[in-house]
Amino acid sequence: MALHFIDDNWELKQKFISFHGTYDSFHGMYDYFCTTFTDVLSDWNVKKKIRSVVVNLDSEKVNEKVSSWMTEQGLVPFVSPLLSSLCLADFLESYCWNRSNREADKIRKAFDYIRKPANKHKFQMAIERAESMGKKVISRPLPEWLHGLNELETAVGYKEAFWELEVMDYEFKLINLAKEEWDKATAVYEYLKILNGAAQRLSDTKYTTANVFFPKVCELYLKFLLWERADEYFVREIATGVKERFFSKYWLNYKLYLAAAIVLDPRYKLDIVDRWYTEIYGTMADVRMKEIVDVLTHAYNKYAHDNCKMLDEMGRPCTSSSLQNSELVLYLKVPKIPPVEEFDVLAWWRLNSPIFPTLAIMARDFLAIPISAAAFKEGADIENIHYCSGLDVDVKRAVICTKSWLESSEY
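Heads up: these notes are all about the structure in this document. Given the structure is predicted, the values throughout are model-derived calculations rather than measurements. (Residues numbered from 1 in each chain as written. Predicted model: local features only at pLDDT ≥ 70, side-chain atom pairs only at ≥ 80, totals over all residues. Heavy atoms only, no water.)

1. Considering the pairing of strand β1 (residues 2–6)
Move 1: Of the pairings in the sheet, the one linking β1 to strand β2 (residues 12–16) comprises five bridges and is antiparallel in character. Residue pairing for β2: Ala2 is matched across the bridge by Phe16. (Pairing = 2+ DSSP bridges. Helix = DSSP H or I, 4+ residues; strand = E, 2+ residues; numbered from the N terminus.)

Written out as structure tokens, the structure reads:
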């Protein structure tokens, strides 16, 4: 378990505070997370300081447990765990392809067939025969393990060779996809390739502040809407299923947290949210924008009350009504700065925190949300230590956590 935060010097930091290597399955990992999450935060006396939770587990059980705990703490007006960008990208890729169950199953059977030693030579002959006829076939060898988009990409690349192999081998003809099934698999591949590109742009972003993710997540969601208007009915069905699950589980949380983060970027403020919402919601954009403004106001009021730093024009503590004419309103009225690409949002808040002290506290919480897959770059190191049979759990925990605290975080 790692804490991601912006320190007093306005630098983005990550520190591991716990590691338990006792689970022996994915279900065990879910149980571990649910039963130890709050205990660890209590041991470190930081549970009241947690503002968001990002997990690498797509689990209803984890989401419900963490959401319930965050609501009990009353940490922010909108609370729910988020998936990391890497986990979200993997989920979208797998979910889209697995919705084509029949085609996926037949492709896997075809792969199993041509992997058999007795059939490898026949398949190579089929490839050469297709190429001699001017048909395009991918040249790379068939890997032993394929998943998601790679599985579909390889199948589409071998499609012409599969057609030739079924002419040569009647047994394979019983396995190979029919023309309609190949048409569906090919169309799904073309759409999934576009979606995967958007997901990878989200996932590959370097470890940085959360303000950069709002347009990337909106791009993904907008593609679901465009899929629903595709010519192919099966693409529309997949898009509707993906969008419904994405909307119910993730989109609502992402749009609230990440919209708040990008509003705290002085280059964009509410304008970029308005532009994306117009693309996504059309005539309902104004209604959705009001929701975001209400959420921001609610969050700001809570921060102002919790920190007791706000004074009115007479030098008295602000009341709920006077908070409406406060830092948030002033910040949104001040003209945006030029939208330069190389912009240090943390440096800007460091310089302007005396002007917007409460908003600066909000910025430190929201901008530190670790959506980027790079925020979890230690995963490989953790996995290597976890499977090291020569170390017991206590030693593994000490190695991982001490390493995190001794090293400077450079991303």
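2. A short note on the packing of helix α10 (residues 214–227) against helix α12 (residues 270–281)
Move 1: In contact at an axis separation of 10 Å, α10 and α12 are set at 10° when each is read in the N-to-C sense. The angle between the axes of α10 and α12 places the two elements in the roughly parallel class. Contacts between α10 and α12 involve Phe214, Pro215, Cys218, Glu219, Tyr221, Leu222 and Leu225 from the first element and Ile272, Val273, Trp276, Tyr277, Glu279 and Ile280 from the second. (Axes fitted to C-alpha atoms, helices over the stretch in contact; angles between N-to-C directions. Parallel < 35°, antiparallel > 145°, perpendicular 65-115°, else oblique. Contact = heavy atoms within 4.5 Å.)

3. Let's talk about a nonpolar patch on the surface
Move 1: The grouping of Leu330, Val334 and Ile355 at the surface amounts to a nonpolar patch, some 250 Å² of accessible area in total.
Move 2: By the element assignment, Leu330 lies in helix α14 (residues 327–333).
Move 3: Judged by relative accessible area, which is 43%, Leu330 ranks as partly exposed. (Patch = residues over 30% accessible without salt bridge, like charges linked within 9 Å, V, L, I, M, F, W, Y side chains within 5 Å. Areas by Shrake-Rupley, 256 points an atom, 1.4 Å probe, with all protein chains shown as cover. Salt bridge = Lys/Arg side-chain N within 4 Å of Asp/Glu carboxyl O. Buried < 20%, exposed > 50% of the residue type's maximum accessible area, 1.4 Å probe, protein only.)

4. Concerning unusual backbone geometry
Move 1: Backbone geometry at Trp10 places phi at a positive 60°, although glycine is not the residue there.
Move 2: Topologically, Trp10 is positioned in the loop between β1 and β2.
Move 3: The phi dihedral of Lys269 falls on the positive side, at around 50°, and the residue is not glycine.
Move 4: For Lys269, a relative accessible area of 4% puts it in the buried group.

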